[in-house]
Amino acid sequence: MPRWLPRAMVLALALYACFMLGSWAFHQLIGLLTNVLIAFFLALAIEPAVGRMAAYGMRRGLATFLVFLGLMIFGVGFVVLLGSMLAGQIVNMVDELPKYIDSVMNWVNQKFHTRLSRVEVQDSLLHSDWLQKYVQNSATGVLDVSTTVLGGLFRLLTIFLFSFYFAADGPRLRRALCSVLPPARQAEVLRAWEIAVDKTGGYIYSRGLMALISGIAHYILLMILEVPYAPALAVWVGLVSQFIPTIGTYLAGALPMLLAFTVDPWYALWVLGFVVIYQQFENYVLQPKLTAKTVDIHPAVAFGSVIAGTALLGAVGALVAIPAVATLQAFLGAYVKRYDVADDPRVHGGSSRRPGRPLSSRIRRLVTGPPAVDAGDGESPTGGASRQ
């Protein structure tokens, strides 16, 4: 046996063990890493506001706390307002449920000549095995729901804690990162950090402005139609349609349509038509003007980045995909060398071939034959040279 073989085998086994240990640790810490990624982008989003407040002499810790306090007040107020709206509608639907059941029973009895009664149907449902099994499963699911809610609250607290430290200690974090890099690399890292702050903050603020415009427009429509809880519905449409990529518009429009249907079924169609028309106005008029200077990426690239982010990290990837791609595009645009494009018709969608004869002239030539040439041109009608 060669002397190097046992040492090589031990080295290979050690590398394999390190790889397996690293893979296990990565899968165990994927939740924490995802939370840190969300916290980092959240800190980048609030960095302009914190930096502006710190420029006026306020401490960064206090500025970050005030920004988070404003976000928390807005979020709690929105949840309470939306929860009260849903609770009121559920109570109204429960109160009106017997009337709906009686109307359905009367229609069925008249249509199919039956003798159904609401009391008999309720008794059969209350004493059915299906309902008992459903209640047992629901009692078991309450614990799962409670665990999920507590886990979500803990995750939210973790994200806010990390984002607070990233935003409050941003200069210290940049100094610590640059201290292990040579001076040339330090400038590149700081430039990349600045681009990330500009693109992420611009994305959040442009989305917030579009959410405000969308909420006002839908609020006016809901007030005209006299749909209940119009302010809460307007806030719901504005936030969900802008901050949930791809499917946010449809999720946002479903709730106003449902409540409008309870007022008048035709109102739901009015809301649907307005949502579709406003979406086209936003995509082709409003969004290009607001995002031209902040997140200037092609719609196909944005859609592909959302799909890729969803495949990698789920809903979190969908949220951070667009600012991440915008940051990468801006960073590459600052360092990739570009050249002047040649004045070629193929660049503008043309062709390098010479334009042929029109189709009408070619058909006429096939029908009548080649045109005769005058004798003065030096050729006879048969094509030979004329003699003098």
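Here the structure is a predicted model, which is why all the values come from computation and not from measurement.

Visitor: Tell me about the overall build of the protein chain, residues and numbers included.
Guide: Along the backbone of the protein chain there are 13 helices and zero strands. The buried share of the protein chain, taken over its 388 residues, is 25%. Pairs at least 24 apart in sequence give 64% of the contacts found in the protein chain among residues at least 6 apart.

Visitor: Would you mind going over unusual backbone geometry in detail, with residue names and values included?
Guide: The backbone of glutamate 226 sits at a positive phi, close to 60 degrees, despite the residue not being glycine. Structurally, the position occupied by glutamate 226 is in the loop between helix 7 (183-225) and helix 8 (230-243).

Visitor: Explain the nonpolar core to me, using residue names and the numbers behind them.
Guide: Counting residues in each nonpolar core, the largest one holds 13 residues, and the members touching the most others are Leu222, Leu225, Val227, Leu233 and Val271. Within the residue set of this core, elements represented by two or more residues are helix 3 (60-112), helix 7, helix 8, helix 9 (248-263) and helix 10 (265-291). Core analysis: the second largest hydrophobic core is formed by seven residues, Ile46, Val50, Phe68 and Ala167 among them.

Visitor: Go over helix 6 (residues 170-178), please, and point to the residues and values.
Guide: Within the span of helix 6, buried status applies to Gly170, Arg174 and Cys178. The arc that holds the buried residues of helix 6, viewed along the axis, is 65 degrees, so those residues lie on one side. Away from its buried face by more than 90 degrees, helix 6 exposes Arg172 and Arg175.

Visitor: Outline the packing of aromatic side chains, supporting the account with residue identities and numerical values.
Guide: If you walk through the whole model with that rule in mind, you get nine aromatic pairs. Relative to phenylalanine 166, the ring of phenylalanine 162 has its centre 6.3 Å away and its plane inclined at 35 degrees; by these criteria the two rings are tilted. Remark: phenylalanine 166 and phenylalanine 162 occur in helix 5 (residues 129-168); sequence separation between them is four residues, near one turn of the helix. Look at phenylalanine 274 and tyrosine 278: their rings are 6.2 Å apart centre to centre, the planes differ by 15 degrees, and that puts the pair in the stacked class. Linking phenylalanine 274 with tyrosine 278, this pair stays in helix 10, spanning four residues, or about one helical turn. We classify phenylalanine 274 as partly exposed; its relative accessible area is 25%. What links up through ring pairs into an aromatic cluster is the set Phe40, Phe41, Phe162, Phe166 and Trp193.

Visitor: Could you give an account of a nonpolar patch on the surface, naming the residues involved and the relevant values?
Guide: Together, Leu209, Leu212, Ile213, Ile216, Tyr219, Ile220, Met223 and Ile224 make up a nonpolar patch on the protein surface, roughly 730 Å² of accessible area in all. Looking at the secondary structure, you find tyrosine 219 in helix 7. For tyrosine 219, a relative accessible area of 33% gives the class partly exposed.

Visitor: I'd like a description of the pattern of salt bridges, backed by residues and values.
Guide: Enumeration according to the criterion identifies two salt bridges in this entry. The salt bridge partner of arginine 185 is glutamate 188, with a shortest N-O separation of 3.2 Å. In this pair, arginine 185 and glutamate 188 both sit in helix 7, three residues apart, roughly one turn of the helix.

Visitor: Requested: an account of empty space enclosed by the protein, with residues and values cited.
Guide: By rolling a water-sized probe across the atoms, one finds the places where empty space is left. For the structure shown, the criterion picks out two cavities of 30 Å³ or more. Here the largest cavity defines a volume of roughly 70 Å³. Secondary structure elements with two or more residues in the lining of the largest cavity: helix 7, helix 8, helix 9 and helix 10. It is helix 10 that provides the largest number of residues to the lining of the largest cavity, a total of four residues. A breakdown of the residues in the lining of the largest cavity according to their chemical character gives four nonpolar, seven polar and one charged. The volume enclosed by the second largest cavity comes to roughly 30 Å³.

Visitor: Mind laying out the packing of helix 8 against helix 9, listing which residues take part and the relevant values?
Guide: Helix 9 packs onto helix 8 with a crossing angle of 165 degrees between their chain directions and a minimal axis gap of 7 Å. Judged by the inter-axis angle, helix 8 sits roughly antiparallel to helix 9. Here helix 8 runs over helix 9; the crossing is right-handed. Contacts from Leu233, Trp236, Val237, Val240 and Ser241 in helix 8 reach Gly248, Thr249, Leu251, Ala252, Leu255, Pro256 and Leu259 in helix 9. Classifying every residue of the contact of helix 8 with helix 9 by side-chain character gives nine nonpolar, three polar and no charged.

Visitor: Pulling in residues and values, what's your account of the environment of alanine 308?
Guide: Within the secondary structure layout, alanine 308 lies in helix 11 (residues 299-313). By relative accessible area, alanine 308 is classed as partly exposed at 39%. As a C-alpha pair, alanine 308 and alanine 321 span 13 residues in sequence and 7.8 Å in three-dimensional space.

Visitor: Tell me what's going on with helix 1 (residues 4-28), and back it up with residues and numbers.
Guide: For helix 1, spanning 25 residues, the distance from its first C-alpha to its last is 36 Å, which sits close to the expected 36 Å at 1.5 Å a residue. Of all 25 residues in helix 1, zero are buried, a share of ten percent or less.

Visitor: Describe in detail the side chain of arginine 174, supporting the description with residues and values.
Guide: By the secondary structure assignment, arginine 174 is in helix 6. Buried charge arginine 174 goes without a salt bridge, the closest partner of opposite sign being glutamate 47 at 4.2 Å. Leave out the neighbours within four places in its chain, and arginine 174 touches Glu47, Leu190 and Trp193.

About the cut-offs
Residues numbered from 1 in each chain as written. Predicted model: local features only at pLDDT ≥ 70, side-chain atom pairs only at ≥ 80, totals over all residues. Heavy atoms only, no water. Helix = DSSP H or I, 4+ residues; strand = E, 2+ residues; numbered from the N terminus. Buried < 20%, exposed > 50% of the residue type's maximum accessible area, 1.4 Å probe, protein only. Contact = heavy atoms within 4.5 Å. Core = buried A, V, L, I, M, F, W, Y, C linked by side-chain atoms within 4.5 Å. Arc of directions from axis to C-beta. Phe/Tyr/Trp six-rings, centres within 6.5 Å; stacked < 30°, edge-to-face > 60°. Patch = residues over 30% accessible without salt bridge, like charges linked within 9 Å, V, L, I, M, F, W, Y side chains within 5 Å. Areas by Shrake-Rupley, 256 points an atom, 1.4 Å probe, with all protein chains shown as cover. Salt bridge = Lys/Arg side-chain N within 4 Å of Asp/Glu carboxyl O. 1 Å grid on protein atoms, 1.4 Å probe; cavity = no way out; pocket = protein on both sides within 12 Å on 5 of 7 lines; lining within 4 Å. Points joined across faces, edges and corners; volume = space filled by probe spheres on them. Nonpolar A, V, L, I, M, F, W, Y, C, P; charged D, E, K, R; others polar. Axes fitted to C-alpha atoms, helices over the stretch in contact; angles between N-to-C directions. Parallel < 35°, antiparallel > 145°, perpendicular 65-115°, else oblique. Left-handed = near helix turned anticlockwise from the far one by under 90°. Expected span 1.5 Å × (residues − 1). Lys, Arg positive; Asp, Glu negative; His and termini not counted.

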